[in-house]
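Residue-level listing of the chains:
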Amino acid sequence: MSVIDSYLSRTRIAYFSMEIALRSEMRTYSGGLGVLAGDTVRSAADLEMPMVFVTLASRQGYLRQEIDAKGQQIDHADPWEPDDWATPLPDAMAVTIEGRNVWVRPWLYEWVSPRGYKVPVIMLDTHVDENDLHDRGITHRLYGGDDAYRLKQEILLGIGGEQVLRALGFKIETYHLNEGHAALLPLALLRRGDDIEAVRRRCVFTTHTPVEAGHDRFSYEQVAHILGEFLDIDQIKALAGDDLLNMTRLALNLSSYVNGVSLRHAETTRQMFPGHRIHAVTNGVHARQWTHPAFARLFHDTAPDWDVRPEALARVIHLSDEAVWRAHEEAKGDLIALAQEAARQSLDPALPIIGFARRMTGYKRAGLLLSDWSRLMEIHHLFPFQIVMAGKAHPRDEGGKQLIHEITAQAHHARIPIAFIPNYQMDLAKIIVAGSDIWLNTPLPPLEASGTSGMKAALNGVLNFSTLDGWWLEGCEEGITGWGIGQEGSPDDHARILYDKLENTILPFYCKNRSGWIGMMKHAIAKIGPVFNTQRMMRAYASEAYLLHVKDATDQSLLTGE
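Every value quoted in this text rests on a predicted model; they were computed, and no experiment measured them.

A. View of the layout of surface pockets. Taken as a whole, the second largest pocket holds about 240 Å³ of empty space. Taken together, 15 residues form the lining of the second largest pocket, with Ile67, Ala343, Thr408, His412 and Phe420 sitting closest to its centre.

B. Structural context of the confidence of the model for the protein. The pLDDT averaged across the protein works out to 94; a share of 97% of its residues lies at or above 70. A low-confidence stretch, residues 553–562 stays under pLDDT 50, and its non-local contacts, those more than four residues away or across chains, total one contact.

C. Representation of empty space enclosed by the protein within the structure. Inspection of every chain in the model, using the stated rule, returns one cavity of 30 Å³ or more. For the largest cavity, the calculated volume is near 30 Å³. For the largest cavity, the full set of lining residues is Tyr15, Leu36, Thr40, His176, Asn178, Thr206, His208, Asn283, Met537 and Tyr541. For the lining of the largest cavity, the secondary-structure elements that each account for two or more residues are helix H2 (32–46), strand E9 (174–178) and helix H21 (534–560).

D. Structural detail: helix H7 (residues 220–227). Where H7 is concerned, the buried positions are Tyr220, Val223, Ile226 and Leu227. The arc that holds the buried residues of H7, viewed along the axis, is 130°, so those residues lie on one side. Structural note: H7 exposes Glu221 and His225 on the side pointing more than 90 degrees away from its buried face. Where H7 is buried, its residues touch strand E6 (93–97), helix H4 (147–168), strand E11 (217–219), helix H8 (233–240) and strand E12 (244–246). Gly228 lies just past H7 and shows a positive phi near 70°.

E. The arrangement of the side chain of Asp125 in detail. Within the secondary structure, Asp125 is located in strand E8 (residues 118–125). Asp125 gets classed as buried once you look at its relative accessible area, which sits at 0%. At 3.0 Å, the side chain of Asp125 and the backbone nitrogen of His127 are in polar contact. There is a polar contact of 3.5 Å between the side chain of Asp125 and the side chain of Thr139. Ignoring anything within four residues of it in the chain, the contact list for Asp125 reads Ala57, Arg59, Trp103, Val104, Arg105, Trp107 and Thr139.

F. Region of interest: H8. Those residues of H8 that fall on the buried side of the exposure criterion are Ile236, Leu239 and Ala240. Down the axis, H8 shows its buried residues gathered within 80° of arc, on one side only. Turned more than 90 degrees away from the buried face of H8 sit Asp234 and Ala238, all of them exposed. The inward-facing, buried residues of H8 contact helix H5 (185–191), helix H6 (196–202), H7, E12 and helix H9 (247–253). A distance of 3.1 Å separates the backbone nitrogen of Asp234 from a side-chain oxygen at the start of H8, and that oxygen is part of Asp232. Positioned one or two residues after H8, Gly241 has a phi angle of 115°, which is positive.

G. Spotlight on the sheet that holds strand E19 (residues 463–467). As summarised here, the arrangement of the six strands in space is E17-E16-E15-E18-E19-E20, forming an open sheet in which the pairing is parallel. One side of each edge strand has no neighbouring strand; the edge strands of this open sheet are strand E17 (418–421) and strand E20 (482–485). The sheet shows a mean angle of 20° between the axes of neighbouring strands, taken without regard to direction. Note that strand E15 (residues 353–357) and strand E16 (residues 386–390) share five bridges and pair parallel. Paired with Ile354 across the bridge in E16 is Ile387. Across the sheet, helix H19 (residues 494–512) touches E15, strand E18 (438–441), E19 and E20, and the angle it forms with E20 is around 160°.

Basis of the calculations
- Residues numbered from 1 in each chain as written.
- Predicted model: local features only at pLDDT ≥ 70, side-chain atom pairs only at ≥ 80, totals over all residues.
- Heavy atoms only, no water.
- 1 Å grid on protein atoms, 1.4 Å probe; cavity = no way out; pocket = protein on both sides within 12 Å on 5 of 7 lines; lining within 4 Å.
- Points joined across faces, edges and corners; volume = space filled by probe spheres on them.
- pLDDT = per-residue confidence, 0-100.
- Contact = heavy atoms within 4.5 Å.
- Helix = DSSP H or I, 4+ residues; strand = E, 2+ residues; numbered from the N terminus.
- Buried < 20%, exposed > 50% of the residue type's maximum accessible area, 1.4 Å probe, protein only.
- Arc of directions from axis to C-beta.
- Polar contact = N/O pair within 3.5 Å; in protein donor to acceptor, adjacent residues only side chain to side chain.
- Pairing = 2+ DSSP bridges.
- Axes fitted to C-alpha atoms, helices over the stretch in contact; angles between N-to-C directions.

Here it is as structure tokens:
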């Protein structure tokens, strides 16, 4: 009996994602998209959903970040060995790329819930002896290389992944495409003879990109060269656009259920793609994964089932102030130790810590807090505070790298304690989001599709101070769960609003009203935790999207009498 056989009879839903964050030692993720997919795996196991997940092995990872003596980001590969964590499966499949067979070996990783339910994750790997050296590297570097390399990866994910599942014996009814990287999968269903409506009924598409420029596009000349005669180019053009193959447009046209990842993002997507029905399923986080052990113990005493039923966190409001603050001090102590070890920066446990950690790129505006240094120093003189920052810039994002250089330069010379933690990854994120006092997020609206770091912070009683965009438009209750930036004025006013609220509201409140601050911490946990979690998110997908196939099949049988 094969190790995969136990999954075949029960699995009906396949979730495809270019990256999935399963554990820090497995470098199969770069950031938020992969972390969300990893939390989706965890909740699928908790809820015992009939799912299989498909991703790339990404043996060389995404990026190991080094900050040199000049404060510059140095990019390194971040290798890992699938043999250390996964089981090789015997059913290799060949995918045609540039007219030759490229062999794909699947690896199996099993995520096991605390109650013993297992969810399979299939990782696709071209590092096999049957391939030449060039093709062995297709699944090496996540988001690496040029457009041709990226297209080959997306062929392997969508077309190769679907073929591998069939070869393994899975009988999939619903395919969930997490972002447009797997948008070629529906073409594989079309190629085998399914009509467009039949394909659409089987596909669910979640888009995460709120700007037109962020969607993957490939020239049809390149597609014809790499993909060959897989499907008639004119047929693809009718689905994906006349000038370029737009992966998002392709997925939109071949999916019966399409959603954005927050209410605001769904509105933005409807404007970008008029004529398409775009639902909203706001992202969430896996509560057990992102809650500090000190808070987990506290929650267990009050709501023993909180980790599988996060709605039980509403009861946290009844915890004593002393217990909540003790848990926070423990989480903050871990962050202070990390800052000392990783950034050689001493932090004072008595002073508030402002945390900011995410991908370093222009629209995230990591420099907004530091944009008026004299004003920031005036505020610090009145109400001393500390800053912890972390984040990677994409290897080709020179603007993001320059931003890191500017931040690290200020950290070396500033009188305000600033710790920049290098090589931001999942284990470090758990410490930073839990140990901060204030979680700052300053994206330029409407470019934040959802964002999830603030949800993780809130699980630990950390108060959000964020631009009103993405999920925070839904989660912010001013002065109760946190504070918003941008309820008045234009984005050009955001720095002023940020400084004004820090000086006049947030920092005085922290310094002068400890019981009020702890009350807000409890409200943040009790109001955000029960709603912005992946258990709620997956129940929404199950009821709104995955059951569409069952409903359509039932409706069809009623019409035909079968």
